[in-house]
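Single-letter residue listing:
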Amino acid sequence: MSKDAVQTAQAAAHPEAATSPADAGDAGYSKDLKHRHVNMIAIGGAIGTGLFLGAGGRLHDAGPALALAYLVCGVFAFFVVRALGELVLYRPSSGSFVSYAREFLGEKGAYVAGWMYFLNWSTTGIADITAIALYTHYWSPFTPVPQWVLALIALAVVLAVNLISVKIFGEMEFWFAIVKVATLVAFMLVGVFLLATRHEVDGRTPGPHVITAHGGVLPHGVMPVVLVMQGVIFAYAALELVGVAAGETAEPERVVPRAVNSIMWRVGLFYVGSVVLLALLLPGSLYSAGESPFVTVLSKIGVRGAGDVMNLVVLTAAMSSLNSGLYSTGRILRSMAMAGSAPRFTRVMSRSQVPYGGILLTCAVCVLGVVLNYLMPGQAFEIVLNVASLGIISTWVIIMVCHLVFVRRARAGLVTRPAFRLPGSPVTEIVTVVFLLVCLGMLGNDPEVGRKTLLLIPVLAALLVAGWFAVRRRVAQHVDDELSELTR
């Protein structure tokens, strides 16, 4: 039986009720996340290792036009979060887009959305603990410690924080974000000072001529810029955390619009602004994938300890990502478990109102990452990063499809759209979905890892189909039970 049938029965039995149905997975949560927590979770989602570390290799490959790539991808990322923000104000839910997929796409849609998001964050978690171990090896006292041991320690620390309470999670994310923002602001002030005083960087005077003298904005043509789009999209992964966190804040109608709207100027300032500064200070050929571009600049002007400071910041970004992954998947899996499409133990809550069952399941997959670090320490990071990209792109596509159906129902008078809306619907959703699918197709241009990642799509599809057949009776029973309750 479909979710539509449940909603129809609900409307018939309670015509005076609100049009937005409740989600059983939302019961039992505290509302301890404050405005500053959600605001910094949004910032933390927008700023991560994709900028602090990944921008160096992308600048080398694409040149100054990387700023345009960040801007374009940032606009589409904003569309996704704005669409999710509208859905949140329609009905706040800790199940977030999984809950909305259940309402607008049915149980199968919620099942696919939830497990693909779990794939994203569980593999991202493996990438994070791998990155943490690699960054910790930067300091000589930790070099003798095996990579897998450091990965296990990082996982244990973040797991402990997540299991205590949502307030502790919020505080941890708040300070992680403060560190990242303060670092970026400090670097940008240094960069502006170097430009204004025309202070030499590596024997060159910074300015627009650094770009024009080394091939211009597109030193390697348009194609390298197009090819980095997929990696840039992944750099924005975690922005959708705002929607999950909204279910545990007391005033989502006030907090969410501010957090979502501020994402655009943060993207412009932190991503586009910092890349433009980097391009004005040094030629793109001097940056590399193996070193943070900020460390490259600071080392060229003789700043001692720049590598240590930036390594600590990148380590913080990875810890923040792992922290967010355990938090969000715990809530998503509980929403799914309440509908029967996830293991029963993931619906369990602790006394401190933390869904520890789902958190532990994600942690268990991350433990497999510890094993991967033991068996293949040199390849672990690259393998899981590409698998995670499949999860985030599918998640964003599902969010936009849910919003399309939501708007269509609103026009039919079945639901009411809030005042905070995604502009340009339905064109905005369709263009965004096409863009995301094109970015996914770009993986085919990478013969080493990208094409192998695309070959995983039919494998994942087969696993999802097999999984659905395993849980469909339980899901149908949950829907029947819910319908019985509504029609009594």
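Before reading further, recall that the structure is shown in the block above.
One structure accompanies this document, and this report is about it. Keep in mind it's a predicted model, so treat the numbers as computed, not measured.

## Some words on the pattern of salt bridges
And step 1. Per the stated rule, a full pass over the model turns up four salt bridges.
And step 2. Across the pair Arg 102 and Glu 107 runs a salt bridge whose closest N-O atoms are separated by 3.3 Å.

## Points about helix 4 (residues 54–62)
And step 1. When helix 4 is considered as a whole, its buried residues turn out to be Ala 55, Gly 56, Gly 57, Arg 58, Leu 59 and Ala 62.
And step 2. At the exit of helix 4 stands Gly 63, carrying a positive phi of roughly 80°.

## Things to note about the packing of aromatic side chains
And step 1. Summed over all chains, the structure comprises 15 aromatic pairs.
And step 2. On the basis of an interplanar angle of 50° and a centroid distance of 6.4 Å, the ring pair of Phe 78 and Phe 79 is categorised as tilted.
And step 3. The ring of Phe 420 carries Arg 82 above its face, with NZ or CZ at 4.0 Å from the centroid.

## Focus on the nonpolar core
Where a protein is soluble and globular, its nonpolar side chains tend to be buried together.
And step 1. Counting 150 residues, the largest nonpolar core has Phe 52, Tyr 70, Trp 115, Tyr 236 and Trp 396 as its most contacted members.
And step 2. Aside from chain neighbours lying at most four places away, what touches Phe 52 is Ile 47, Lys 180, Thr 183, Leu 184, Ser 292, Pro 293, Phe 294, Met 310, Val 313, Val 314 and Ala 317.

## Let's talk about helix 7 (residues 147–164)
And step 1. Counted at 1.5 Å a residue, the expected span for helix 7 with its 18 residues is 26 Å, and the 27 Å between its end C-alpha atoms agrees.
And step 2. Of the residues making up helix 7, those classed as buried are Gln 147, Leu 150, Ala 151, Ala 154, Leu 155, Val 158, Leu 159, Val 161 and Asn 162. What you see down the axis of helix 7 is that its buried residues fit within an arc of 165°, all on one side.

## Brief notes about unusual backbone geometry
And step 1. Of note, the amide linkage connecting Ser 425 to Pro 426 takes the cis form, showing an omega dihedral of 5°.
And step 2. Relative to the assigned elements, Pro 426 resides in the loop between helix 17 (380–411) and helix 18 (427–441).
And step 3. Even without a glycine there, the phi angle at Arg 198 is positive, about 55°.

## Focus on the side chain of Arg 334
And step 1. By the element assignment, Arg 334 lies in helix 15 (residues 306–338).
And step 2. Look at Arg 334 and you get buried, because its relative accessible area is 7%.
And step 3. There is a polar contact of 3.0 Å between the side chain of Arg 334 and the backbone oxygen of Arg 347.

Thresholds, definitions, all that
- Residues numbered from 1 in each chain as written.
- Predicted model: local features only at pLDDT ≥ 70, side-chain atom pairs only at ≥ 80, totals over all residues.
- Heavy atoms only, no water.
- Salt bridge = Lys/Arg side-chain N within 4 Å of Asp/Glu carboxyl O.
- Buried < 20%, exposed > 50% of the residue type's maximum accessible area, 1.4 Å probe, protein only.
- Helix = DSSP H or I, 4+ residues; strand = E, 2+ residues; numbered from the N terminus.
- Phe/Tyr/Trp six-rings, centres within 6.5 Å; stacked < 30°, edge-to-face > 60°.
- Lys NZ or Arg CZ within 6 Å of the ring centre and 35° of its normal.
- Core = buried A, V, L, I, M, F, W, Y, C linked by side-chain atoms within 4.5 Å.
- Contact = heavy atoms within 4.5 Å.
- Expected span 1.5 Å × (residues − 1).
- Arc of directions from axis to C-beta.
- Polar contact = N/O pair within 3.5 Å; in protein donor to acceptor, adjacent residues only side chain to side chain.

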